[in-house]
Every structure is written in C-alpha cells, then in structure tokens.
Amino acid sequence: MKCGVVVFPGSNCDHDCYHILKHIMGWDTRWVWHKDTELAGLDLLVLPGGFSYGDYLRAGSIACFSPIMKAVADFAGRGGLVLGICNGFQVLTESGLLPGALMRNRSRSFICKFVDVRVETGGTPFTAACDPGEVLSIPIAHADGNYFADEDTLKRLQDNDQIVLKYCDASGNVTEDANPNGSRLNIAGIVNEKRNVMGLMPHPERAADPALPGADGRRLFDSLLALA
Amino acid sequence: MRAKIHVTLKNGVLDPQGKAVHHALNDLGFAEVRDVSVGKYLELELDGASGQEAEHRVREMCERLLANPVIESYRFELEP
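To keep things clear, this report deals only with the structure shown in the data block.

## What to know about the overall build of chain A
- A count of helices and strands for chain A gives five helices and 11 strands.
- When the 228 residues of chain A are sorted by exposure, 57% land in the buried category.
- Intrachain contacts of chain A at a sequence separation of at least 6 include 76% that bridge at least 24 residues.
- Surface exposure of chain A reaches about 8700 Å², of which carbon and sulfur atoms provide 51%.
- Placing the 21 positive and 27 negative side-chain charges of chain A at their respective mean positions leaves the two points 3 Å apart.

## Here's the deal with the overall build of chain B
- Scanning chain B from N- to C-terminus turns up two helices and three strands.
- Along chain B, helices and strands appear, N-terminal first, in the series β-α-β-α-β.
- A compact globule built from 80 residues should have a C-alpha radius of gyration of about 12 Å, whereas chain B, at 16 Å, is more than 25% larger.
- Dimensions of chain B, computed from C-alpha atoms along their principal axes, come out at roughly 50 × 25 × 15 Å.
- Scored against the burial criterion, the 80 residues of chain B give a buried share of 29%.
- Long-range pairs, those at least 24 residues apart, make up 69% of the contacts in chain B with a sequence separation of at least 6.
- On chain B, roughly 5400 Å² of surface is accessible, and the fraction owed to carbon and sulfur atoms is 49%.
- In chain B, the 10 positive side-chain charges and the 14 negative ones have mean positions that sit 4 Å from each other.

## Overview of the interface of chain B and chain A
- The partner chain A presents 15 residues to the 16 residues of chain B that form the contact.
- Summed over both sides, the interface between chain B and chain A buries roughly 1300 Å², with carbon and sulfur atoms accounting for 71% of that surface.
- For the pair chain B and chain A, the interface holds one salt bridge.
- The residue E72 of chain B makes a salt bridge to R58 of chain A at a minimum N-O spacing of 3.6 Å.
- There are four residue pairs in polar contact (both at pLDDT 80 or more) connecting chain B and chain A.
- Only helix 1 (16–27), strand 2 (40–45) and helix 2 (51–66) of chain B provide two or more residues apiece to the side of chain B that touches chain A.
- Of the residues belonging to the side of chain B that touches chain A, the class tally is 11 nonpolar, two polar and three charged.

## Here's the deal with the side chain of N186 of chain A
Residue and element names in this part refer to chain A.
- Within the secondary structure, N186 sits in the loop between strand 9 (163–168) and strand 10 (187–191).
- For N186, the side chain forms a polar contact with the side chain of N179, separated by 3.2 Å.
- Setting aside anything within four residues of it in sequence, one finds N186 in contact with L165, K166, Y167, V174, T175, E176, A178 and N179.

## A word on the nonpolar core
- Ranked by internal contacts, the top residues of the largest apolar core, which has 65 residues, are L39, L44, L45, L47, I68, L83 and Y147 of chain A.
- Here this core gets six residues from one element, more than from any other, and that element is helix 2 (residues 67–77) of chain A.
- Filtering out sequence-adjacent residues up to four positions away, Y147 of chain A remains in contact with F89, P99, G100, A101, L102, L154, L157, S183, R184, I187 and I190 of chain A.
- Formed by 11 residues, the second largest nonpolar core is a distinct cluster that contains A3, L42, L46 and L66 of chain B.

## Some remarks on the sheet that holds strand 10 of chain A
Residue and element names in this part refer to chain A.
- Read across the open sheet, the nine strands follow the order 2-1-3-4-11-10-9-6-7; overall the sheet is mixed. The open sheet has two edge strands with one neighbour each: strand 2 (28–33) and strand 7 (135–142). Here the average twist between neighbouring strands, direction ignored, is 25°.
- Inspection of the sheet shows strand 1 (residues 2–7) paired to strand 3 (residues 44–47) by three bridges, in the parallel sense. Bridge pairing links G4 to L45 in strand 3.

Parameters at a glance
Along each chain, residues carry numbers from 1 onward, in the same order as the chain's sequence is written. The naming scheme follows written order: chains are lettered A onward, ligands numbered 1 onward. Totals for whole chains, interfaces and linings use all residues, but because this is a predicted model, local features are given only for residues with pLDDT of at least 70 and pairs of side-chain atoms are given and counted only at 80 or more. Hydrogens and water are ignored here; the side-chain numbers use all heavy atoms of the structure. Comment: elements are numbered from the N terminus, with helices defined as DSSP H or I runs of at least four residues and strands as E runs of at least two. Think of it in three bands: residues with accessible area under 20% of the maximum for their type are buried, residues over 50% are exposed, and the middle band is partly exposed, with areas taken using a 1.4 Å probe on protein chains only. Two residues form a contact once any of their heavy atoms are found within 4.5 Å. Using the Shrake-Rupley algorithm and a 1.4 Å probe, accessible areas are obtained, with residue cover drawn only from the displayed protein chains. The charge count includes Lys and Arg as positive and Asp and Glu as negative, but it does not include His or the ends of the chains. In plain terms, the charge of a residue is placed at NZ if it is Lys, CZ if Arg, CG if Asp and CD if Glu. Every radius of gyration here is taken over C-alpha atoms, with the globule rule written as 2.2 Å times N^0.38, N being the number of residues. The buried area of a pairing is the accessible area, by a 1.4 Å probe, that goes missing from both parts when the two are put together, added over both. Between Lys or Arg on one side and Asp or Glu on the other, a salt bridge is scored when a side-chain nitrogen of the former is within 4 Å of a carboxyl oxygen of the latter. Counting of polar contacts relies on pairs of N or O atoms within 3.5 Å, with two restrictions inside protein: one atom must be capable of donating a hydrogen and the other of accepting it, and residues adjacent in sequence are counted only when both atoms are side-chain atoms. Charged means Asp, Glu, Lys or Arg here, nonpolar means Ala, Val, Leu, Ile, Met, Phe, Trp, Tyr, Cys or Pro, and polar covers whatever is left, Gly included. Within this scheme, the nonpolar core is defined by two criteria: the residues are buried Ala, Val, Leu, Ile, Met, Phe, Trp, Tyr or Cys, and they are joined through side-chain atoms within 4.5 Å. Here, strands pair whenever DSSP counts at least two bridges between them. Axes, fitted as lines to C-alpha atoms, cover a helix only where it is in contact. Angles between the N-to-C directions of the axes lie from 0 to 180 degrees.

Right, here's the structure in full:
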C-alpha cells in the first residue's frame, strides 16, 4: 500500500496520520504538499485534521482551492482511496467530493473526547474488516462537526448505504443523547457513491497506536490492510 | 466599485450562534426579539467591471467560495 498524507497550511494531525500509516501499519508513506499537483503511484491519500488556512471563512473552504485538490479530484475519479479525517472531511464536503456540510456544533463548543460510533456498513474499503453494528471508541476533537444535509441527500445516503459511522452509546444504540454535535441522523462518517472516498469526524489515527490507550481506530486501517 | 455581501444560514438550518444571542437578548429584557440569525458581512473593492457584469462576477464569487450553498444563502448590493 502506497500512501500520501496531504499537508495544508494549518494541518496539525498530519504527523499522527503519517506515524500510523508508516510506523504502525508499515506502509510506504510520503508527504504531499498542498502545492503539489501529482499523486501518481499512490493507493491511499489521507486528508488530515487541523485548521487548514485557519478555518477562515468556513472550515475547509479555502483548502479546497489548493493546487493539490484538482489532483485529489482526479485521483478519486480514477478510484483512488481518499480518507478525510475531521478537517479533511470538511475539505471533502466543501470541494463537493462528498455531499453535505459540517456546521458549528449544536453546543457551540469545541468538543474533545472519546465517543462511541457504530459501524453501519462493512461494504467500504475502510470498514471491510468491521462487523456491521460493531461499536468503536474513537476520539473527536472539533468545533464544526455538525453534519448537515437536506432531506433528499439524507435519503440518498441511506438508500445507497453511504452512511458508514453513526454516533451511538456504548451498547450501540443510536440515540439523541449520544449525538455530541447535532449531526443529522447521528452521522459521524460517510462515503461517496463509488465508495472510495470516505470522510469522518472522529480521529482513528489517535486510537491506533498500541502505546496509547484505545486502539479501535486501528479497525479502519486494518480494513485497508486487506487491500495492501 | 464596492460590493457589500451578507451571508447567512438558510431558513431551516439550525443556527446555534443565533440561538445563543437570542437567549442572551431575551435575558437582558429585550423580550420583543423573536429570532436572531448570525451571519457574515464582507466588503469587496472591485476594479473594472460595472453593472450587470459586476453583478454576475460577484454572484459567481458567492456561489464558488463566499457562501456554501448547501447551508447558506447570500445577498449583496453594489455601490459605485
């Protein structure tokens, strides 16, 4: 598996992602600067968390006009795997590679804590090793993670099995109390129709190193391992 | 030419900041406040184009960058 980690000005989870991909998973991993325009030879591209361009205007809104994003769209169009985490998810929605938008949390607060998410589908390269209904404990750290889409879009996401992760309680019940940020349908992560582009607010790279407490994020990387 | 642009959340989209400001105003005794929406205000100084061309260009700026049409609506005025 050949991986790239995109670095925007203001990315701050790029090194965590790089560490997990390269040192924990053992994959050939390189940095991709936001002014690069070439992604040849890569299988997986990660858009990491952070505050690209200071979250000015809207989170992710400026980053999606970085030179690299044209290459990302082409890469995704060719079937390359793209994983957008937190700010990376915001960049993917702003650029139209994923539907919907990520708004200010219902509480208006920055939330940083472990949450439980339920795997809604194993039918993606990112969750192929997970059982549907499996509950993963993975941290979130965001102020703008409140997933919004109109009713038609939500229906399409449901009909096409594109909702990958939902916020839930420890037993896997998707409840309003378990929804940390006000996301529609408790959505924590989705894929595109072709199922090769995934965005999620939780940070699997922060729960994938055995040296740290919590390793459930590893389940997503292990799913990709099957393709390596 | 100057463009004055207002960007606000669409009707029906939850506006947590607006809600907070609404509650605060009510708490201060401004009971007549029925709803609050918080948005962004941008001023652009423009060279060249005027009239319809400028309006067309500013609309494109709003659609492509300044507003997110999934959640936001915008309106603007042009001043000479």
